[in-house]
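Working through the structure, step by step
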Amino acid sequence: MGFDVGFVPYNPDGWGPPDASAAPASLGGGSVSVPFAPFSRSDKLGRIADWTRNPPGPGAFAAARDTVFDFAGLEDSVGLASADDASFRLVDGKPPPRHPRFGPRWRFQQRPQLPQRRDEEVEARRREAEKERARRDRHWQQNRRTHHQFNRGGPSSSSAKSSVDIQPEWSVKEQIPFSSFSKLSFAVADQPEDLLVCGAVEFYDRAFDRVTPRAERRLERFKSRNFFKVTTTDDPVIRRLAENDTATVFATDTILAALMCAPRSVQSWDIVIQRVGNKLFFDKRDGSQLDLLTVNETAQEPLPEAKEDINSAHSLAVEATYVNQNFSQQVLLRNGEKVTFDEPNPFATEGEEAASVAYRYRRWKLDDETSLVARCEVHAVNTDPRGERQFLTINALNEFDPKVTGVDWRKKLETQRGAVLATELKNNANKLARWTAQALLAGADMMKLGYVSRLHPRDHYNHSILSVIGYKPRDFAAQINLNTANMWGIVKSIVDVCMKLGEGKYVLVKDPVKPQVRLYEVPNDAFENDYVEEPLPEEEQVRPFSEDVDATAQEMDAAAEAEATGTTAGADGDAGKGVEATAA
């Protein structure tokens, strides 16, 4: 038995059934009409093919999905449909299935969005361009800051100012980049000769070698002792040596150390050079930056800019100088025994108590026609196991806030002393190099390095000595990669440049931003009338904070609140007193 397909009319004119006029009168004996099949309105009825309603594209699938519920025109094909079927349209009220955004199928199932208006598109592109420009600016600023900091960190905007005001009438004679300094090398022919030793020094107290963070010592104040920072041409001994034609170049160990360690410096400094006949005098100005010790000069993080902030670059420099001076006197024996030399302190008046210091006037021979005399300082003497005397230089590093450096000295000095020193070499590379150069110039047998910290991070008046460590200058120089031949090569090159200049006054300025120095020719009366602000009298200074750290913190909080409400209060105190003795 077979399956009876029935009669299928043939349409020679096209695709689909023939016209009704050409159709037979009946289809299998039935009525003249399209066969009707009962259906439910929930059934999905679609078209077999339609090339006119939905053009191909990304939205074709969504459009085809919607058309399965479209019953428009059903009355034309189904004769028994009710009259209201023409306006009937089924609405699917179920929410679309949610897929995780950015999931594996998200980008294939997202609905096509309506095109944005043109002004919205322009606004969106503008916002994206601004974001990209801001990102590039931040990246450029970061690279620029890193370049200016010589990959070691650099100054903040407040310290990026020149140490001296460059006048328009000054003429540039030389411009020397630091890259040329690194290639210089010069070996001094002979050992230096001691021409004269002045002053008196006390003995070092060995008990401070046993100081630990658990057995710390409070830092004392020495207001009665005077410290002298006299420049080269104001030194009566150097004047006498110059009149006797002892040498052709004259300087101090502070000035020479600044020149020798110039490639490690970040902040601006300046040195005044005077050419008188065939002689050169390297001087510093009154109130020069060379009189203050820098803090975190080569650190990555810049210090606050406001001078009234106790952690600003200027405030920390004053505090570091104050700490260094008091520390150098506290670690000495106070039994009255002193070692005196050829002449007394040339800067102290009769009846004035001077700090423990000896000035060694030493001469180096640079070549057959040029020799250099420098005044060098040693701060104490000591006796070695063989009973021989040794010269010592004493300096102190100060910790102001462990959160800034990331290393807490009270916790790390006993167990991780190398990590503490490495952090200081990173943040204060120039200062440590200068101290080492000064110890080498002075011929010191040992350099004592103290670690001094605040009692409280917000109290910059009270400090404690946590540890004292001794180093041999040459070993420490090798440890911090300080090349003696390169140091003298820098000095020799600058001396040769200045010897080619005519008589007059010049100033060598470290550029505040670029790694270079510039040599300017200035008038002969330059820097003679510079105003230097004197410290306030003691009775007008703010009273130092009490010994109680908690009370100190409360007083500082109250002062901050009063300042916020408009009340002003001076805050130099004894910190300013520490540098009062730096005047010549």
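Note on numbering: residues in each chain are counted from 1, in written sequence order. Totals for whole chains, interfaces and linings use all residues, but because this is a predicted model, local features are given only for residues with pLDDT of at least 70 and pairs of side-chain atoms are given and counted only at 80 or more. Heavy atoms from the whole structure form the basis of all side-chain values; hydrogens and water molecules are not counted.

1. Some details on empty space enclosed by the protein
Counted only if it meets this: Within this scheme a cavity is a closed region of a 1 Å grid, computed over the protein atoms alone, that accommodates a 1.4 Å probe without allowing it to escape, whereas a pocket is open but has protein on both sides within 12 Å along at least five of seven lines; lining residues each have an atom within 4 Å of a point. Grid points are joined across faces, edges and corners, and a volume is the space filled by probe spheres set on the points. In DSSP terms, a helix is any run of H or I states spanning at least four residues, a strand is any run of E spanning at least two, and both are numbered starting from the N terminus.
Applying the stated criterion across every chain, the model contains 6 cavities of 30 Å³ or more. By volume, the largest cavity amounts to about 610 Å³. Lining of the largest cavity is provided by 36 residues; of these, Lys 229, Thr 254, Asn 324, Glu 377 and Gln 438 occupy positions nearest its centre. Counting only elements with at least two residues in the lining of the largest cavity, the list comes to helix H7 (253-260), helix H8 (313-330), strand E8 (357-365), strand E9 (371-378), strand E11 (389-399) and helix H12 (429-442).

2. A few points about the side chain of Asp 235
Selection rule: Contact between two residues is taken to exist if any of their heavy atoms lie within 4.5 Å; hydrogens are not considered.
Its place among the elements puts Asp 235 in the loop between strand E3 (217-218) and helix H6 (236-243). Here Asp 235 is in contact with Val 230, Phe 347, Tyr 361 and Arg 375, once residues within four sequence places are set aside.

3. Some points on a nonpolar patch on the surface
Rules: Residues enter patches when their relative accessible area tops 30% and they take part in no salt bridge; the joining distance is 9 Å for like charges and 5 Å for the nonpolar side chains Val, Leu, Ile, Met, Phe, Trp and Tyr. Note that accessible areas follow from Shrake-Rupley with a 1.4 Å probe, and for residues the cover is restricted to the protein chains shown. Salt bridge, as used here, is a side-chain nitrogen of Lys or Arg placed within 4 Å of a carboxyl oxygen of Asp or Glu. Throughout, exposure labels follow a simple rule: accessible area from a 1.4 Å probe, protein chains only, divided by the maximum for the residue type, with under 20% read as buried, over 50% as exposed, and the rest as partly exposed.
A contiguous nonpolar surface patch, about 390 Å² in accessible area, is contributed by Phe 3, Val 5 and Val 8. Within the secondary structure layout, Val 8 lies in the segment before helix H1 (60-67). Taking relative accessible area as the criterion, Val 8 reaches 58% and is therefore assigned exposed.

4. Quick notes on the packing of aromatic side chains
To be explicit about the condition: Only Phe, Tyr and Trp rings take part, Trp by its six-membered ring, and two of them pair if their centres are within 6.5 Å. Stacked means planes under 30 degrees apart, edge-to-face means over 60, and tilted covers everything else. Whether a charge sits over a ring comes down to the Lys NZ or Arg CZ being within 6 Å of the ring centre and within 35 degrees of the ring normal.
Counted under the stated rule, the structure contains 10 aromatic pairs. Judged by centre distance (5.8 Å) and plane angle (70°), the ring pair of Trp 170 and Phe 527 falls under edge-to-face. Remark: Phe 527 occurs in the loop between strand E15 (516-522) and helix H15 (549-564) and Trp 170 occurs in the loop between helix H4 (118-148) and strand E1 (171-177); sequence separation between them is 357 residues. Here the two residues Trp 170 and Phe 527 agree in accessibility, since each one is buried. Three or more aromatic residues joined by ring pairs make a cluster, and in this case those are Trp 170, Tyr 520 and Phe 527. In this structure, Arg 217 is placed above the aromatic ring of Phe 208, and the distance from its NZ or CZ to the ring centre is 4.7 Å. When the ring centre of Phe 186 is taken as reference, the NZ or CZ atom of Lys 492 above it lies at 5.6 Å.

5. Quick notes on the environment of Thr 212
Secondary-structure assignment places Thr 212 in the loop between strand E2 (193-203) and E3. Residue Thr 212 is classed as partly exposed on the basis of its relative accessible area of 26%. Apart from the residues within four sequence positions on either side, Thr 212 is in contact with Glu 414 and Leu 466.

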